[in-house]
Structure formats: C-alpha cells, structure tokens
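Structural overview
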Amino acid sequence: MSIPKIVAAGLEKRYRSARGVDTLAVTGIDLTINAGEFVCLVGPSGCGKTTLIQMMCGFEHPTAGRLLIDGAPVPGPNPDHIMIFQDYGLFPWRTVLGNVEFGLESQGMAKAEARVRAQETLELVGLCPAAHKHPHEISSGMRQRVAIARALAVEPSLLFMDEPFGAIDAFTRLRLQDEILRLWEVKRTTVVFVTHDLDEAIALAQRVILMASSPGRVQRIVDIDLTYPRDRTHADFTEYRRVLFEEFH
Amino acid sequence: MLQRGGLMLQRLGHRCLPVLSLVAFGGVWQLIAYFYSPALFPGPDATLAALIEVAANGSLWTNIWISLARFFTGYVLALLIAIPLGLLLGCLGFLQRLVDPLIQVLRPISPIAWSPLAVLWFGIGNAPAIYIIYLACFFPILLTTINAVKSIPSVYLKVARNFGAGSVTTVVRVIVPAAFPGIMVGLHIAVGTGWIHLVAGEMLGAQSGLGYMIVDARNFLRTDLIMAGMLVIGVLGLAIYRSIRALETLIGRHWGLGG
C-alpha cells in the first residue's frame, strides 16, 4: 500500500578536513521513508541529522552506500524536493510576495501566472496582509511562514525542514507546528523534519528517527501512534516523551 | 514644556555644531593669516575675493563643469568595467585566484605614478585626466565587488539552486541584489579616491578644470586663487559624496534594506 519515497541503504558520509583528517559524519544509514509520510530526525548536535537531510536534498553527496528518491539517485538539488532552512533563506530585497514568486519564476513560470499562484499560496498560510512587506519588517515566525509558502508554491512532492523553528520563540513555535501539520494534511507532501526538540518531534511525526553521534547513525525508529491533532498534555504523549528521553540516557 | 524646550535646544545644537566648527575654522584661519603676507598665506577674506573674481569672470563655472564631466566620465567608466569584472571574479573562484596576484601588484601603484605613461599614451587634455580618475576609482570598486559577491550568505545560493534557478537568473536575481550593499560601499570609496585624484589628473597638461585652475594660479603666484580652488574642490567633493549617499538611501529603500 505505502510507496517508498526515500530509500537509504548503507549510506555514509565522510568529510576530509584541511589537514587531511577524515571524519565520519554518518554511517550505515538504512532507512525507508514512504510517500506522504511525516518523519522527524531527532538527535543531539553532531549526530549527522543535518548531513543526512543535506544528502537527501542533494546539497551533499554520499561517500558510500545508496540513496534513492522515487527509485532514482539524487544528482543534486531539485525543485521537486524543497529545503526549508533555519535562517529562512529569504531574500531581503524582495517583498514577501516577491520571495514566493522567486521559486515560480526560477522555473520559468510567466510573471502574471507566478503572481496569481504566489498570492494563492500566501492566502493558504494566512500572509496576504503582509504580501508587500519586506522580510525585515515582519516577525521571525512570519518569515518562516513565508519560506514555507515559497516552498509550497512550487508544489514539491518532498519537503525537507532543517530545524525550521529553531530560532523562533516557544509560543510562536507551537503555532507554527500546528500550521505545518494543517498544511501537510492539505497537501500530503512527504516531510522530513530535523529537530533536536523531542516534544516537537512527537507533536509532528508519524515516525521519529532517533540518531546517535560519533559516528552519526540511526539508533532507533519509534512509530508515534497518536491521532492528529495531538494533545501535548495527554498521557500517551508524555509516555512517548519518556520513551524517547530514555534513549538518550 | 521645559523638557520640550530642552529637546528643541538640543536639536538646534545638533544643527549648529557643524556650522560652529566652520566658523571657528574661518576665525583661526583669519588669525593665522594676520601674521603672514597675503602672498604666502592668504586669509579667508582674500580667498573669498579671489573666488568672487573667478565666479564673476565665469572661468570658475567652466572649470567646475569640465572637472565634473571628467570626473563622472572616469567614474562611470570605472564602474562599468569594474562591477561586471568583480561579479565575474567573485563568482568564479579559480579565475579570482588566477588574477589575484596581478590585482595585488597593480593596486598599490598610485594612479599618479601612471601619469607619465598616461601623457605618453593619451597626449594632453581630457584623456590622461580621465584615465587617472578611472584608475583611482577602478580598484576600490573591483575589490569591494569581489568581496561583496564572496560574502553572500550561502543560503541564498542554496535556495536559488534548490528552486532550479539557471545561472542567468541566479546572477541577475540573487547575486547582484545580494551583493548590492557591498558594491555600494565600493562606489562610495571610489567617489572619494576619484575626486582626490582629479587635481593630479588635471595637472597633466590640461588647459582647463579645477586642477588646471590651481596649477595656473601657482604659475602666477596667486595663492589666494590656489586656496579658492582648493575650497571649491573640497565643497564639491562633499556635495558629490552626499548625493551618492542620498541615491544609495533611495535605492536601498527600493531594495527593502531599510535605511
């Protein structure tokens, strides 16, 4: 029934420093992520979760093993697989609308059509009133929603999020988590979400992939059998928190 | 009410401070001039008289006009060549490493050192002066452009790659606007260095311009006219710098960079 979207087998990434010393960022990653699935990569810093997502998005290349998306290797970044960064990557010289249009224009969409599509996407994330503001005029939570709108506008089949809410205050963060879930339920995009926040992972993911460091590897995969929307104060939620927490001890 | 009055006084003080320093400067200048012969060290009164003299006979305005034309020709020529070259070198790391030694050797050579060659190559008149100004503007613009491109946050380029932007789109819609504030710094510096080298350029056998006005005044031992020329160069330099800054703010606002 479920169609594999991302398949990693024996995936490994080594970096060579300027002095010629090899470091193993991740090793022996065996993983299947299904189409339409919401998966969180969780682990302490240095566990290679960013390296892993960078390889999936095509910004980095594995040094060993296989990585297939839709059955094909990943030669490089692809507009069908959009990455959302912690520092948003918004262009300060463009308005909110202009930033959303950028992705569409980059793919050669006509200006007028891009404008219509960008406006529709801004409506979806509730940012129409800010369409003509520049990124420095809006809050960090709104900035990240602009980045999300820019990604969704090009209708990717796969969304990578690298600690997207890491620089956002706790209250806004909760709202953005609900927001991303709502969007995911509308679009059914496959989402790979990197975080070091266990609560965030339990609130969002169908499956949490726990990673361990030195060398970076998958330690355990936990299915989160809770229905959406999830109650962060429910006993089951706290039970998952306990399970994940104990993995790090 | 009292506080408001104090604030207004403070604001007035801010406005008046620069004027105050100018008045003080004029006073000290006049005082020193009192002890020397006017032929050696003319005071502000003599300088002003000389200024009125050249303004009345019209030679001042012709010289200002010619100097400004030369300056902007050299400046625009420099930015037209240095900005695209800087963008190219900033984007292509291997090319930059290739020509970097050449730039580093040419850059410390004062544009004035080029003057004998400039006369030899371009004769006398407009061309050598423009060439000297061009040289003075070229390297600041080139180096700041290269630097601006190289310090573009990598996330911008990643976003462009991710959305499948082609190289033309990436350069025009990401690299140029992202590097723009940095390039603007170069344009600032170039206004300064270019204007400074105006006099030097116009001393190369030119028969007109503010530089020539000073050389000509020296030949006739008109120290008051020399000072008048220096004063005009200073004030015009300030005016050009201010207008570039105003232009920058205007464009910056359009670019959404605040300010």
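The rules we used
Residues numbered from 1 in each chain as written. Chains lettered and ligands numbered in written order. Predicted model: local features only at pLDDT ≥ 70, side-chain atom pairs only at ≥ 80, totals over all residues. Heavy atoms only, no water. Helix = DSSP H or I, 4+ residues; strand = E, 2+ residues; numbered from the N terminus. Rg over C-alpha atoms; globule rule 2.2 N^0.38 Å. Buried < 20%, exposed > 50% of the residue type's maximum accessible area, 1.4 Å probe, protein only. Contact = heavy atoms within 4.5 Å. Areas by Shrake-Rupley, 256 points an atom, 1.4 Å probe, with all protein chains shown as cover. Lys, Arg positive; Asp, Glu negative; His and termini not counted. Charge placed at Lys NZ, Arg CZ, Asp CG, Glu CD. pLDDT = per-residue confidence, 0-100. Patch = residues over 30% accessible without salt bridge, like charges linked within 9 Å, V, L, I, M, F, W, Y side chains within 5 Å. Salt bridge = Lys/Arg side-chain N within 4 Å of Asp/Glu carboxyl O. Domains from an automatic or database assignment. Buried area = accessible area lost by both parts, 1.4 Å probe. Polar contact = N/O pair within 3.5 Å; in protein donor to acceptor, adjacent residues only side chain to side chain. Nonpolar A, V, L, I, M, F, W, Y, C, P; charged D, E, K, R; others polar. Phe/Tyr/Trp six-rings, centres within 6.5 Å; stacked < 30°, edge-to-face > 60°. Disulfide = S-S within 2.5 Å. Pairing = 2+ DSSP bridges.

What follows deals with the overall build of chain A. When helices and strands are counted, chain A shows seven helices and ten strands. Computed over the C-alpha atoms, the radius of gyration of chain A is 18 Å, within 12% of the 18 Å expected from 2.2 N^0.38 for a compact globule of 249 residues. Judged by the C-alpha coordinates and their principal axes, chain A covers about 50 × 45 × 40 Å. Per-residue burial for chain A yields a buried fraction of 52% across its 249 residues. When contacts within chain A are restricted to residue pairs at least 6 apart in sequence, long-range pairs at least 24 apart make up 68% of them. Accessible surface computed for chain A: about 10900 Å², of which carbon and sulfur atoms make up 52%. Once the 27 positive and 31 negative side-chain charges of chain A are each reduced to a mean point, those two points are 4 Å apart.

With 96% of its residues at a pLDDT of at least 70, chain B reaches an overall mean of 89. Scored as a whole, the predicted complex attains pTM 0.84, and scored at its interfaces, ipTM 0.91.

What follows concerns a nonpolar patch on the surface. Together, B:V28, B:L31, B:I32, B:Y34, B:F35, B:Y36 and B:L40 line one region of the surface with nonpolar side chains, adding up to about 850 Å² of accessible area. Looking at where B:I32 falls in the secondary structure, it is placed in helix α1 (residues 2–34).

All names here are of chain B. If you check the domain split of chain B, you get domain 1 (1–35) and domain 2 (42–254). Domain 1 and domain 2 are separated by 32 Å when their C-alpha centres are compared. On the side of domain 2, six residues touch domain 1, which itself brings four residues to the contact. Roughly 400 Å² of surface becomes buried between domain 1 and domain 2 when both sides are summed, with 71% attributable to carbon and sulfur atoms. At the junction of domain 1 with domain 2, the criterion picks out zero salt bridges. For the pair domain 1 and domain 2, the interface holds one residue pair in polar contact (both at pLDDT 80 or more). Among the residues forming the side of domain 1 that touches domain 2, the class breakdown is two nonpolar, two polar and no charged.

Per the counting criterion, the structure on display carries 24 aromatic pairs over all chains. A ring pair is formed by A:F91 and B:Y156, whose centres lie 5.5 Å apart and whose planes are at 75°; its orientation type is edge-to-face. Here the residue A:F91 occupies a position in the loop between β6 (81–84) and α2 (96–106), and B:Y156 occupies one in helix α7 (residues 154–162), the pair thus bridging two chains. Per residue, the accessibility class of A:F91 equals that of B:Y156, and both read buried.

Attention now goes to the pattern of salt bridges. Applying the stated criterion to the full structure yields 22 salt bridges over all chains. A salt bridge links A:D199 to A:R241; its shortest N-O distance comes to 2.6 Å. Highlighted residues: A:D199 in helix α6 (residues 198–204) and A:R241 in helix α7 (residues 235–247), separated in sequence by 42 residues. Through salt bridges that share partners, A:R94, A:E105, A:K111 and B:R173 make up one connected network.

Attention shifts here to the interface of chain A and chain B. Contacts between chain A and chain B engage 28 residues on the former and 20 residues on the latter. Summing the contributions of chain A and of chain B, the shared interface buries around 2000 Å²; its carbon and sulfur component is 66%. If you sort the residues of chain A by the area they bury against chain B, A:F59, A:W93 and A:F102 come out on top, with a joint share of 32%. Where chain A touches chain B, the interface holds one salt bridge. The shortest N-O distance in the salt bridge between B:R173 and A:E105 comes to 3.1 Å. Our enumeration of links across chain A and chain B arrives at six residue pairs in polar contact (both at pLDDT 80 or more). Those elements that place two or more of their residues in the side of chain A that touches chain B are α1 (49–57), β6, α2 and α4 (140–153) of chain A. Residue contributions to the side of chain A that touches chain B peak at four residues, all from α2(A).

Residue and element names in this part refer to chain A. Taken as a whole and judged by the stated rule, the model has zero disulfides over all chains. The thiol of C47 is unpaired, and the distance to the nearest cysteine sulfur, on C40, comes to 13 Å. Note on C47: relative accessible area 0%, which makes it buried.

Turning to unusual backbone geometry, a few remarks are in order. Residues and elements named next belong to chain A. Between S214 and the following residue, P215, the backbone shows a cis peptide bond with an omega angle of -10°. Tracing the sequence through the fold places P215 in the loop between β9 (207–212) and β10 (217–223). In this model, Y228 is joined to P229 through a cis peptide bond whose omega is -10°. On the secondary structure map, P229 appears in the loop between β10 and α7.

Regular strands place their side chains on alternate faces of the sheet. All names here are of chain A. Across nine bridges, the pairing between strand β1 (residues 4–16) and strand β2 (residues 22–34) is antiparallel. Bridging across to β2, A8 finds its partner in L31. The hairpin turn running from β1 into β2, its antiparallel successor, is five residues long, and G20 in that turn takes a positive phi close to 90°.

Attention now goes to the sheet that holds strand β5 (residues 72–73) of chain A. Pairing in this open sheet of four strands is antiparallel, and the strands run β2-β1-β4-β5 (chain A) from one edge to the other. Looking at the sheet topology across the chains shown, the edges are occupied by β2 and β5 of chain A.

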